[in-house]
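Descriptive structure summary
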Amino acid sequence: MTAPVFLVDSLEGAAPGSPLTLEGSEGRHAVSVRRLEPGEEIVLTDGLGRGVAGIVLRTEGKDRLIVEAREFPVEPEPRPRITVVQALPKGDRGELAVETMTETGVDAVVPWSAARCITQWKGERGAKSLAKWRATAREAGKQSRRLRFPEVAEAATSKQVAALLAAADFAAVLHEEGSEPLATAELPAEGSIVLVVGPEGGVSPQELALFAEAGARPYRLGRTVLRTSTAGTAGVALLLGRTGRWS
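Bear in mind the structure is a predicted one, so any value in this text is a computation, not a measurement.

Calculation rules
Residues numbered from 1 in each chain as written. Predicted model: local features only at pLDDT ≥ 70, side-chain atom pairs only at ≥ 80, totals over all residues. Heavy atoms only, no water. Pairing = 2+ DSSP bridges. Helix = DSSP H or I, 4+ residues; strand = E, 2+ residues; numbered from the N terminus. UniProt positions renumbered as here; feature names shortened; annotations may be inferred. Expected span 1.5 Å × (residues − 1). Buried < 20%, exposed > 50% of the residue type's maximum accessible area, 1.4 Å probe, protein only. Arc of directions from axis to C-beta. Contact = heavy atoms within 4.5 Å. Phe/Tyr/Trp six-rings, centres within 6.5 Å; stacked < 30°, edge-to-face > 60°. Core = buried A, V, L, I, M, F, W, Y, C linked by side-chain atoms within 4.5 Å.

1. Topic: the sheet that holds strand 11 (residues 192-197)
Strand order across the open sheet formed by seven strands is 8-7-6-11-9-12-10, with parallel pairing between neighbours. Either end of the sheet is taken by a strand with one partner, and the two such strands are strand 8 (151-152) and strand 10 (180-181). Pairing analysis gives five bridges linking strand 6 (residues 81-87) to strand 7 (residues 108-112), with the strands arranged parallel. The residue of strand 7 that forms the bridge with Ala87 is Trp112.

What follows is the structure in structure tokens.
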């Protein structure tokens, strides 16, 4: 079994054989929940692609753990970079989408307030929902042993999504009436891919037209219609396989 991953604020100054301290909520989880003991392997990461693999030297109290640094793994910048624009689902399905996309390997998630979204992020509720998505991405990043966690951006309007699509090297809107399957689309080996996942009520004709002007074509995943909370994960998996990132 691979070593568990814990998030730290910084890895500056880490050197072979040097002791590193894991404390706070992450230290508490390592000591009191995971019950790591001296001699066990552990990985610390800044979530930005850098890591330190080492062994536990000792624990101090219930929320402090000392690690001996041994190796310094690096997760390189993804090529191509995959961003999913995720329409806001109902209830906790947004966190489910972020969790599974992170575990699969997405590089960025952009919450989208689509016209047909039942859920709308406004004021304090919006801030809390965004914080939940970001916390979910962090936890899923650790669980899936990633060193580079996905960015969860501020909620975007349709015009902001269109600008993101226009700047991409490949832009697609998942749509059940798409004439071409995503599985046969010509994909770039470098640059950025942006995939739009619509809400339960579907992407509106006006949004489709706006995105088409930005260079995004509609593509279908398969013969079945997926929920908005699972379509992004299926799309990311397909793209990771086809671009060679899963090779």
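2. Regarding the UniProt feature "domain: Ribosomal RNA small subunit methyltransferase E PUA-like" (unreviewed entry) in the protein chain
UniProt records the feature "domain: Ribosomal RNA small subunit methyltransferase E PUA-like" (unreviewed entry) at residues 22-67, using the numbering of this structure. Note that residues 22-67 is 22% helix and 43% strand, and that its end C-alpha atoms are spaced 8 Å apart.

3. Focus: helix 2 (residues 93-104)
An ideal rise of 1.5 Å per residue puts 16 Å on 12 residues; helix 2 measures up with 16 Å between its terminal C-alpha atoms. Looking only at helix 2, the buried set comprises Gly94, Ala97, Val98, Met101, Thr102 and Thr104. Taken around the axis of helix 2, the buried residues stretch over an arc of 160°, which confines them to a single face. Contacts from the buried residues of helix 2 go to strand 6, strand 7, helix 3 (123-143) and helix 6 (228-242).

4. Here we look at the packing of aromatic side chains
Applying the stated criterion across every chain, the model contains three aromatic pairs. For the pair Trp112 and Phe211, a centre-to-centre distance of 5.4 Å together with 55° between the ring planes defines the contact as tilted. Of this pair, Trp112 sits in strand 7 while Phe211 sits in helix 5 (residues 205-213); the two residues are 99 residues apart in sequence, bridging distant segments of the chain. Both residues of the pair, Trp112 and Phe211, count as buried. Here Trp121 and Trp133 contribute two aromatic rings whose centre-to-centre distance is 4.9 Å and whose plane-to-plane angle is 80°, an arrangement assigned as edge-to-face. With a gap of 12 residues between them, Trp121 in the loop between strand 7 and helix 3 and Trp133 in helix 3 connect regions that are remote in the sequence.

5. Details of the nonpolar core
Within the largest apolar cluster, 46 residues are counted, with the highest numbers of intra-cluster contacts made by Trp112, Val161, Leu165, Leu182, Val196 and Phe211. Broken down by secondary-structure element, the contributors of at least two residues to this core are strand 6, helix 2, strand 7, helix 3, helix 4 (158-166), strand 9 (170-174), strand 11 and helix 6. Membership of the second largest hydrophobic core comes to 15 residues, among which are Leu11, Leu20, Val31 and Leu36.

6. Some words on the pairing of strand 11
Where burial is concerned, most of strand 11 is hidden: six out of the six residues are buried. Here strand 11 shows a buried face lined by Ser192, Val194 and Val196 and a second buried face lined by Ile193, Leu195 and Val197. Bridge count for strand 6 against strand 11 is six bridges, and the pairing is parallel. Residue pairing for strand 11: Thr83 is matched across the bridge by Val194.

7. Quick look at unusual backbone geometry
Omega for the peptide link from Arg79 to Pro80 comes to -5°, which places this bond in the cis form. The phi dihedral of Arg35 is positive, around 55°, even though this residue is not glycine. Within the secondary structure, Arg35 is located in the loop between helix 1 (24-33) and strand 3 (41-45). Look at Arg145: it is not a glycine, yet its phi comes out positive at around 65°. Relative to the helices and strands, Arg145 resides in the loop between helix 3 and strand 8.

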